[in-house]
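# Summary of structural features
Each chain, written out:
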Amino acid sequence: MIPGDVDFTPREVEVFAAVMSHGTTTKAADALDITQPAVSKILLQLTNKAGFPLFRNHRQRLIPTPEAHMLYAEVRRLFETVRGISQIAKEIRELRSGRLNISALPAFGLTLLPSIVASFTKQYPDVSVTLDIRSSSTIIQRAGRNQLDIGVAAEVNDDTPSVVRRSLVATPPVCVMPKGHPLSKLPVVQPDDLDGLDFVSLGVGDPMRKQLDDLCESRGVTRSLKVEAALSNTCINLVASGLGVTVVDRLSAWMAKDLPIEIRDFQPHLDINLGVYRPWGTIASSAADTFIEHLIQTTREYMNIVDREIKALGER
């Protein structure tokens, strides 16, 4: 064997460091929980590979050569690097570092999600969060392209193979009307009750808008479509200004309950569900997994309260 042609093994480096630290092969063996002859054998292998003496015997002690001290300085730096890697792994495991890229549709991202993110970051302050508001179709596309960690979007019927979906919560819409509107006398609003009324509608591409249009058409209900708006929040503010009534998601309506509006359940319930989307084929980080569980638990608990309160509004 030509010295320097064979790499040191991690075990050889570990034994060398133990001998340098403890001064004798006996103490090094105790520290490593191996025999003293094993330490001597490994030390000899390391010396042969190095091609220069590492220790000299003096009165039953091993005296490191200047070359050994030079080598040990590099070994110590190596051990510090390994300890640094271990610390990073611990921080990741304990969610003390990391980054999350989250996208959500406006009806969720502008209402409940900010408080969920806030409560999560209070518990894990070193996890950075980027929050983006997009349409449901854009969120699903971005998840399929691995351009986000977590997306919250309205569920669609067609399965996209490049994403993983987990059901979040059902959000059947409600009818929102100005304070004192005749519809507020009803415990539940039905499609026939909208006939002939001024109506503030969501945009043509909105899934809820399509379901409601189809339902009204099938029942011969004609609404006076006064204004269209892309966001539920905008529709609700227009209603609060007296422009008509609207049918929007219950979360947006409940968050705006302090406006001069009335909220009533709308039946039959339209099939509007939210899902959590992730890129398919990727392993979620610990931070992402923990956030998703926090998101689902918090959202479902909050929406249970919203459902009870909306039902109670119609019983007064």
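Summarised in this report is the structure supplied together with it. On a predicted model such as this, the values are computed, not experimentally measured, just so you know.

So, how was this worked out
Residues numbered from 1 in each chain as written. Predicted model: local features only at pLDDT ≥ 70, side-chain atom pairs only at ≥ 80, totals over all residues. Heavy atoms only, no water. Pairing = 2+ DSSP bridges. Helix = DSSP H or I, 4+ residues; strand = E, 2+ residues; numbered from the N terminus. Contact = heavy atoms within 4.5 Å. Axes fitted to C-alpha atoms, helices over the stretch in contact; angles between N-to-C directions. Right-handed = clockwise from strand over helix to strand, strands pointing away. Parallel < 35°, antiparallel > 145°, perpendicular 65-115°, else oblique. Expected span 1.5 Å × (residues − 1). Buried < 20%, exposed > 50% of the residue type's maximum accessible area, 1.4 Å probe, protein only. Core = buried A, V, L, I, M, F, W, Y, C linked by side-chain atoms within 4.5 Å. Salt bridge = Lys/Arg side-chain N within 4 Å of Asp/Glu carboxyl O.

## Remarks on the sheet that holds strand 7 (residues 173-178)
Strand order across the open sheet formed by 4 strands is 8-12-7-11, with mixed pairing between neighbours. With partners counted over all chains shown, the strands left at the sheet margins are strand 8 (188-189) and strand 11 (246-249), one partner each. Together, strand 7, strand 11 and strand 12 (261-266) form the strand contacts of helix 9 (residues 232-240), whose direction differs from that of strand 11 by roughly 145°.

## Things to note about the pairing of strand 10 (residues 224-229)
Of the pairings in the sheet, the one linking strand 9 (residues 198-202) to strand 10 comprises 5 bridges and is parallel in character. Following the sheet pairing, F199 is matched in strand 10 by L225. Where the polypeptide runs from strand 9 across helix 8 (residues 207-218) and back to strand 10, its parallel neighbour, the crossover connection is right-handed.

## Observations concerning the packing of helix 2 (residues 25-32) against helix 3 (residues 36-50)
Close contact between helix 2 and helix 3 brings their axes to 8 Å; oriented N to C, the two are set at 105°. Judged on the interaxial angle alone, helix 3 and helix 2 are roughly perpendicular. Contacts between helix 2 and helix 3 involve T25, T26, A28 and A29 on the former and, on the latter, Q36, V39, S40 and L43.

## A word on helix 11 (residues 286-313)
Spanning 28 residues, helix 11 covers 41 Å between terminal C-alpha atoms, matching the ideal 40 Å at 1.5 Å per step. Burial in helix 11 covers these residues: A287, A288, F291, I292, H294, L295, I296, T299, M303, V306, I310 and L313.

## Remarks on the sheet that holds strand 4 (residues 127-133)
The mixed open sheet is built from 5 strands, whose spatial order is 4-3-5-13-6. Two strands in the sheet have a free side with no partner beyond their single neighbour: strand 4 and strand 6 (163-170). Ignoring which end each strand starts from, the neighbouring axes of this sheet average 20° apart. As paired strands, strand 3 (residues 98-104) and strand 5 (residues 150-154) are joined by 3 bridges and run parallel to one another. For I102, the partnering residue across the bridge sits in strand 5 and is I150. Contacts between helix 6 (residues 113-123) and the sheet are confined to strand 3 and strand 4, with strand 4 contributing the most and set at about 175° to the helix. Contacts from helix 11 reach strand 3, strand 4, strand 5, strand 6 and strand 13 (273-279), with the element oriented near 25° to strand 6.

## Considering the nonpolar core
F108, L113, L168, L194, F291 and L295 are the most contacted members of the largest nonpolar core, which has 69 residues in total. When residues of this core are assigned to their parent elements, the largest contribution, 10 residues, is made by helix 11. Every residue in contact with F291, bar those within four places of it in the chain, is listed here: L100, I102, L113, I116, V117, F120 and I150.

## What about the pattern of salt bridges?
Side-chain pairs of opposite charge can arise where the charged atoms are in close proximity. All told, the structure shown has 13 salt bridges when counted by the stated rule. Two residues, E74 and R77, come together in a salt bridge whose shortest N-O distance is 2.1 Å. On the criterion of helical spacing, the pair formed by E74 and R77 is a turn pair, its members being 3 residues apart in helix 4 (residues 66-93). Under the relative-accessibility criterion, E74 is labelled partly exposed at 45%. On the basis of relative accessibility, which here comes to 47%, the residue R77 falls in the partly exposed class. Between R223 and D213 there is a salt bridge, with its nearest N and O atoms 2.6 Å apart. Here the residue R223 occupies a position in the loop between helix 8 and strand 10, and D213 occupies one in helix 8, the gap between them amounting to 10 residues. Linked by salt bridges that have partners in common, R209, D213, R223 and E228 make up one network.

Geometric descriptors of this kind do not, in isolation, establish any biological role.
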